[in-house]
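Each chain, letter by letter, is given below.
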Amino acid sequence: MVGVVETLSSWDGAVSALGEDVRWAPLTFVFLLASAWFVKWPLIVAVGCACDAKRKCLPQATAAAALAVGTAALLVTLLKELFDRARPPVANPGLDPIGIVPADASFPSGHAATAFAAAVAVALIYPRLGRPLLALAVIVALSRVYLGMHYLLDITAGSMLGIAVGIAAAWVVKAAARAPRGRAASPVRS
């Protein structure tokens, strides 16, 4: 097991260094934008809200995305406390991050988890939005490695967590929408 952890750690370090080596101003701009707070999940939820507004039914995509993001954020917070992994520039001061390095732990990536949770939840309600929203989630996740904020393993774990939570949230919302609504109790006659 120790050998596996050491191998993964060395791959993480190599990918972080590669991210630093391939920096290019236009790509840096795109990744900084993708990493902004309003892109990681609010933008995806807004897309779901806009599609819900066009329909004359319950706001399923909005509800699913909100449930997914909230659940993913809570799980990420708990997992960060549990694993307490140092961020790449903290573990290796030779790395040069772009932006302010968050003070919380690195594993798993909250950006990746919430972006994938929202994207999957909305995509399962509106399948035609699947590819663009999942592509946006991938860009958000990759931006975190490129900018030096996370390791590859962090975004992989965050992405998988987000996918699982997004699927579960969409299922819960769809099941709630299908559930029969009870009629008001009729008065008992004596």
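Read on for a plain summary of the structure. Note that the structure is predicted; figures quoted are calculated from it, not measured.

## Quick look at the pattern of salt bridges
Per the counting criterion, the structure on display carries 3 salt bridges. Here D104 and K80 are joined by a salt bridge, their closest N and O atoms 3.7 Å apart. With D104 in the loop between α6 (88-91) and α7 (110-125) and K80 in helix α5 (residues 60-83), this pair connects stretches of sequence that are 24 residues apart. By relative accessible area, D104 is classed as partly exposed at 39%. D104 is the salt-bridge partner of R87, the closest N and O atoms lying 2.6 Å from each other. One end of the pair, R87, is in the loop between α5 and α6; the other, D104, is in the loop between α6 and α7, and 17 residues separate them in sequence. Overlapping salt bridges bring together K80, R87 and D104 as one network.

## Observations concerning the environment of V165
Relative to the helices and strands, V165 resides in helix α9 (residues 152-178). If sequence neighbours within four positions are ignored, V165 has contacts with A68, T71, A72, L75 and A117.

## Quick look at the packing of α7 against helix α8 (residues 130-146)
It is the contact of α7 with α8, at a shortest axis distance of 9 Å, that shows an interaxial angle of 180°. As summarised for this structure, α7 and α8 are arranged roughly antiparallel, according to the angle between their axes. Counting all contacts with α7, which are made through H111, A112, A115, F116, A119, V120, V122 and A123, the residues of α8 involved are G130, L133, L134, A137, V138, V140, A141 and R144. Considered class by class, the residues forming the contact of α7 with α8 number 13 nonpolar, 2 polar and 1 charged.

## Overview of the environment of S109
Turning to its location among the elements, S109 is positioned in the loop between α6 and α7. With a relative accessible area of 0%, S109 lands in the buried category. Along the primary structure S109 and R144 are separated by 35 residues, whereas in three dimensions their C-alpha atoms are 8.1 Å apart. Discounting chain neighbours no more than four positions away, the residues touching S109 are V76, R144, H150, D154, I155 and G158.

Calculation criteria
- Residues numbered from 1 in each chain as written.
- Predicted model: local features only at pLDDT ≥ 70, side-chain atom pairs only at ≥ 80, totals over all residues.
- Heavy atoms only, no water.
- Salt bridge = Lys/Arg side-chain N within 4 Å of Asp/Glu carboxyl O.
- Helix = DSSP H or I, 4+ residues; strand = E, 2+ residues; numbered from the N terminus.
- Buried < 20%, exposed > 50% of the residue type's maximum accessible area, 1.4 Å probe, protein only.
- Contact = heavy atoms within 4.5 Å.
- Axes fitted to C-alpha atoms, helices over the stretch in contact; angles between N-to-C directions.
- Parallel < 35°, antiparallel > 145°, perpendicular 65-115°, else oblique.
- Nonpolar A, V, L, I, M, F, W, Y, C, P; charged D, E, K, R; others polar.

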